[in-house]
Amino acid sequence: DCAVNVHKNCKTLLPECTSSKSKRDTFYKPAVSSHVSSFYQQASLKDPHRIAIVGLDGAHAQGRGLGMTVTNRGNSRVEIHATAGSRTSSTTADMDELDSNFSKLKFLTEDSLSLAPSSTESFFVEEAIYASVRSELEADAVELETESWSSAVEPPFARKQKKEVIKRQDVIYELMQTEMHHVRTLKIMLKVYCRALREELHWNKEINQLLPCVDELLELHGQFLTRFKERRKESLEEGSDRNYFIQKIGDILVQQFSGDTGARMEDKYGVFCSQHNRAVSYYKFLMRENKKFQNLMKKIGNSSIVRRLGVPECILLVTQRITKYPVLVERIIKNTEEGTEDYEALTQALTLIKETITEIDLRVHRSEKGQRLVEIIAKMEPKSSVKLKNGMTFRKHNMENRQLLHDGMLYWKTASGRLKDILAVLLTDVLLLLQEKDQKYIFSSVDAKPPVISLQKLIVR
């Protein structure tokens, strides 16, 4: 019986219409988390025309024909004001109903909120788990927000240092800062995207195809960042929380890229980088074919916590991170005095990092070759086979247990002088010569020459 008009998807967020003054004077506080409790506390009885929704940070928006305005009230709060005519009656909402509605609203956003009738988007509400992710990211960024070391410390302290010293500290600071950004990307992947896919779409296997090893990578780099921050704390000038001078950094890098930690870095980056192309292709496929996934990605993408970092962008950043270390370490070495303990440690670390990258590249190469062999086998004509000299028959399935070393097109000059396109497939112990027929591969039959050549006891001239 009130004059408020509201979009049907948003009606559950409005207070119940009632003229009972006793209800208006009663404030029910349910046993919920402190974060959600703050929502109820915002619905002050001093202003019965106001409801605050935690976690929505949008620009000022006027709902057309809704009798409502939405205005920004701080960093993470939007208030909805009833602006209907004199017949409008606003009271405190039925808290039981609001509490049940909260459980339905799974996501947070800090972007703009629209109440236009044409919109079919649900509201995002910041849950406690998202608030904890935000606070984690803010904690990681503490002491690393400024542009450089020379601007992070006090100007008089910076002016005391030599030019070479400032350059070295600036590069060390850049290494630490970029590591913080990398940890942030991994946390967004794990605690925003993976969590949403698991809880909203109930996916597990699909997450491993899309974002493999993210939890292990976050553990590795989280510890790495912690050691950097501890070294900074150890290097603080007495009596100051801003001025610090890091004497040694090479030992931390050696620790990260050697022993068990180094082996885990090789293993996890080997898996992640090997699946890069497949993961991006899978993401594109899901965006085309799966409407629920598409809507979920759109909603998460509108949230300021991800800072416009979509899944493909995150995958690319993680893949590229391992290649950034040599450049940074080389710059630190350039500004480090030769013969010092840290110079030796940094030189050792650079060697270890390059070896790690080489091993990762090798694993990626093997994975790509394995994927290529799968593609060739999938394109083989099922009934195509060839009789070998030893009397055995070589078929499509005989290719599966072998490793692809190389493949490529070559021209076969026939007895008549014509050139035939042949796909040469070099496996671990055989060379296959294939022809394409009706968009399928078959074993070549040019001039009755054998299309399967064993490499055992083979004489090559």
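Criteria and thresholds
Residues numbered from 1 in each chain as written. Predicted model: local features only at pLDDT ≥ 70, side-chain atom pairs only at ≥ 80, totals over all residues. Heavy atoms only, no water. Helix = DSSP H or I, 4+ residues; strand = E, 2+ residues; numbered from the N terminus. Buried < 20%, exposed > 50% of the residue type's maximum accessible area, 1.4 Å probe, protein only. Contact = heavy atoms within 4.5 Å. Areas by Shrake-Rupley, 256 points an atom, 1.4 Å probe, with all protein chains shown as cover. 1 Å grid on protein atoms, 1.4 Å probe; cavity = no way out; pocket = protein on both sides within 12 Å on 5 of 7 lines; lining within 4 Å. Points joined across faces, edges and corners; volume = space filled by probe spheres on them. Nonpolar A, V, L, I, M, F, W, Y, C, P; charged D, E, K, R; others polar. Core = buried A, V, L, I, M, F, W, Y, C linked by side-chain atoms within 4.5 Å. Expected span 1.5 Å × (residues − 1). Patch = residues over 30% accessible without salt bridge, like charges linked within 9 Å, V, L, I, M, F, W, Y side chains within 5 Å. Salt bridge = Lys/Arg side-chain N within 4 Å of Asp/Glu carboxyl O. Lys, Arg positive; Asp, Glu negative; His and termini not counted. Charge placed at Lys NZ, Arg CZ, Asp CG, Glu CD. Pairing = 2+ DSSP bridges. Phe/Tyr/Trp six-rings, centres within 6.5 Å; stacked < 30°, edge-to-face > 60°. Lys NZ or Arg CZ within 6 Å of the ring centre and 35° of its normal. Axes fitted to C-alpha atoms, helices over the stretch in contact; angles between N-to-C directions. Parallel < 35°, antiparallel > 145°, perpendicular 65-115°, else oblique. Left-handed = near helix turned anticlockwise from the far one by under 90°.

Draft legend 1. Structural detail: the overall build of the protein. Looking only at helices and strands, the protein features 15 helices and eleven strands. Burial status across the protein gives 44% buried among its 461 residues. Long-range contacts, defined here as pairs at least 24 residues apart, represent 66% of the contacts in the protein between residues at least 6 apart. Accessible surface, the protein as shown: approximately 25,200 Å² in total, 49% of it carbon and sulfur.

Draft legend 2. Summary view of the layout of surface pockets. A volume near 580 Å³ is recorded for the largest pocket. Residue assignment for the lining of the largest pocket shows that the elements contributing at least two residues are strand 5 (385-387), strand 6 (393-395) and strand 11 (452-454). Among the elements that make up the lining of the largest pocket, the one with the highest residue count is strand 11 (three residues). Split by residue class, the lining of the largest pocket holds ten nonpolar, five polar and four charged.

Draft legend 3. Structural view of the nonpolar core. In this structure, Tyr-193, Leu-197, Leu-211, Phe-293 and Met-297 are the most contacted members of the largest nonpolar core, which totals 79 residues. Examining the composition of this core, we find that 15 residues originate from one element, helix 7 (residues 163-200), more than from any other. Apart from the residues within four sequence positions on either side, Phe-293 is in contact with Leu-197, Leu-201, Trp-203, Leu-210, Tyr-283, Leu-286 and Met-287. Core analysis: the second largest hydrophobic core is formed by 17 residues, Ile-377, Val-386, Phe-394 and Leu-434 among them.

Draft legend 4. Examining the environment of Val-142 more closely. Looking at the element boundaries, Val-142 is found in the loop between helix 4 (128-141) and helix 5 (149-152). Judged by its relative accessible area of 36%, Val-142 falls in the partly exposed class. The spacing of Val-142 and Lys-229 is 87 residues in sequence and 9.7 Å in space, taken between C-alpha atoms.

Draft legend 5. Structural detail: helix 11 (residues 259-274). Given a rise of 1.5 Å per residue, 16 residues ought to cover 22 Å, and the 22 Å separating the end C-alpha atoms of helix 11 matches this to within 8%. Taken together, the buried positions of helix 11 are Gly-262, Met-265, Lys-268, Tyr-269, Gly-270, Phe-272, Cys-273 and Ser-274.

Draft legend 6. Local environment of a negative patch on the surface. Together, Glu-154, Glu-237, Glu-238 and Asp-241 line one region of the surface with negative charge. Relative to the assigned elements, Glu-237 resides in the loop between helix 9 (214-234) and helix 10 (250-256).

Draft legend 7. Inspection of the pairing of strand 8 (residues 419-427) at higher detail. Sheet topology note: the strand 7 (residues 404-413)/strand 8 ladder contains nine bridges and is antiparallel. Its bridge partner being in strand 8, Leu-410 is matched across the sheet by Ile-422. In sequence, strand 7 turns back onto strand 8 through a hairpin of five residues, with Gly-417 there showing a positive phi of about 95°. Here strand 8 folds back onto strand 9 (residues 430-437) in antiparallel fashion, the turn holding two residues.

Draft legend 8. Looking closely at the side chain of Arg-227. Counting through the fold element by element, Arg-227 comes out in helix 9. Glu-230 is the oppositely charged side chain nearest to the buried, salt-bridge-free Arg-227, at an N-O distance of 6.9 Å. For Arg-227, the contacting residues outside a window of four places in its chain are Ile-252, Gln-255 and Gln-256.

Draft legend 9. Spatial organisation of the packing of aromatic side chains. With the rule as written, the count across this model stands at nine aromatic pairs. When the ring of Phe-224 is compared with that of Phe-257, the centres are 6.3 Å apart and the planes differ by 85°; the resulting orientation is edge-to-face. With a gap of 33 residues between them, Phe-224 in helix 9 and Phe-257 in the loop between helix 10 and helix 11 connect regions that are remote in the sequence. Judged by its relative accessible area of 0%, Phe-224 is buried. Accessibility expressed as a relative area gives 3% for Phe-257, which makes it buried. Three or more aromatic residues joined by ring pairs make a cluster, and in this case those are Phe-224, Phe-228, Phe-257 and Tyr-325. The cationic tip of Lys-379 hangs over the ring face of Tyr-441; the distance from NZ or CZ to the ring centre is 4.7 Å.

Draft legend 10. Representation of the packing of helix 7 against helix 9. Two elements in contact, helix 7 and helix 9, have axes separated by 9 Å at closest approach and are oriented at 150°. As far as their axial angle goes, helix 9 and helix 7 are roughly antiparallel. Two packed elements cross with a definite hand, and for helix 7 against helix 9 that hand is left-handed. Residues Leu-175, Met-176, Glu-179, Met-180, His-182, Val-183, Leu-186, Lys-187, Met-189, Leu-190 and Lys-191 of helix 7 touch helix 9, and the partners they reach there are Val-214, Asp-215, Leu-217, Leu-218, His-221, Gly-222, Phe-224, Leu-225, Phe-228 and Arg-232. Of the residues in the contact of helix 7 with helix 9, the class split is 13 nonpolar, three polar and five charged.

Draft legend 11. Geometry of the packing of helix 11 against helix 14 (residues 311-334). Viewed as axis vectors pointing N to C, helix 11 and helix 14 meet at an angle of 140°, and their least axial separation amounts to 10 Å. One way to sum up the angle between helix 11 and helix 14 is to call them oblique. In this structure, helix 11 crosses over helix 14, and the sense of that crossing is left-handed. Contacts between helix 11 and helix 14 involve Met-265, Tyr-269, Phe-272 and Cys-273 on the former and, on the latter, Ile-315, Val-318, Thr-319, Arg-321 and Ile-322. Tallied by class, residues from the contact of helix 11 with helix 14 come to seven nonpolar, one polar and one charged.

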